Amino acid sequence: MADDKVKGPASYFPSIEKKYGQPIQHWLDLVKSRQPAKHMELVAMLKDEHGLGHGHANAIVAHVMAGGQ
């Protein structure tokens, strides 16, 4: 059903797993381990230290900051 489609930051998760070869939980745990930090500091860490693109890094951080598991 169309209503069951994943929306928001989590919609990026399948492509993040495919592109970077790690399960999404790896990235979520990494961001959580660096808290407390500002949103853009965490995005920069994922980009600079792990080579993620801006959109993917932002989706992961936004999900964590919103209280996602």
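Since we're looking at a predicted model, the values are computed, not measured. (Residues numbered from 1 in each chain as written. Predicted model: local features only at pLDDT ≥ 70, side-chain atom pairs only at ≥ 80, totals over all residues. Heavy atoms only, no water.)

A. Structural detail: the packing of helix H1 (residues 13–20) against helix H2 (residues 24–33). Taken N-terminus to C-terminus, the directions of H1 and H2 make an angle of 95 degrees; their axes are 9 Å apart at the nearest point. One finds that H1 runs roughly perpendicular with respect to H2. Contact residues: H1 offers Phe13, Ile16, Glu17 and Tyr20, while H2 offers Ile24, Trp27 and Leu28. By residue class, the composition of the contact of H1 with H2 is 6 nonpolar, no polar and 1 charged. (Axes fitted to C-alpha atoms, helices over the stretch in contact; angles between N-to-C directions. Helix = DSSP H or I, 4+ residues; strand = E, 2+ residues; numbered from the N terminus. Parallel < 35°, antiparallel > 145°, perpendicular 65-115°, else oblique. Contact = heavy atoms within 4.5 Å. Nonpolar A, V, L, I, M, F, W, Y, C, P; charged D, E, K, R; others polar.)

B. Just the packing of H2 against helix H4 (residues 54–65), in detail. Relative orientation of the contacting elements H2 and H4 amounts to 65 degrees, with a least axis distance of 10 Å. When the interaxial angle is binned, H2 and H4 end up roughly perpendicular. Crossing geometry of H2 relative to H4 is assigned as right-handed. Of H4, the residues touching H2 (which contributes Ile24, Trp27, Leu28, Val31 and Lys32) are Ile60, Val61, His63 and Val64. For the contact of H2 with H4, the class distribution of residues is 7 nonpolar, 1 polar and 1 charged. (Left-handed = near helix turned anticlockwise from the far one by under 90°.)

C. Local environment of unusual backbone geometry. Residue Pro36 is bonded to the preceding Gln35 through a cis peptide linkage, with omega at 5 degrees. Topologically, Pro36 is positioned in the loop between H2 and helix H3 (39–50).

D. Region of the structure containing the nonpolar core. Within the largest apolar cluster, 17 residues are counted, with the highest numbers of intra-cluster contacts made by Ile16, Ile24, Trp27, Val31, Leu46, Leu52 and Ile60. Listed by contribution, the elements that provide at least two residues to this core are H1, H2, H3 and H4. Here the element with the most residues in this core is H2; it accounts for 5 residues. (Core = buried A, V, L, I, M, F, W, Y, C linked by side-chain atoms within 4.5 Å. Buried < 20%, exposed > 50% of the residue type's maximum accessible area, 1.4 Å probe, protein only.)

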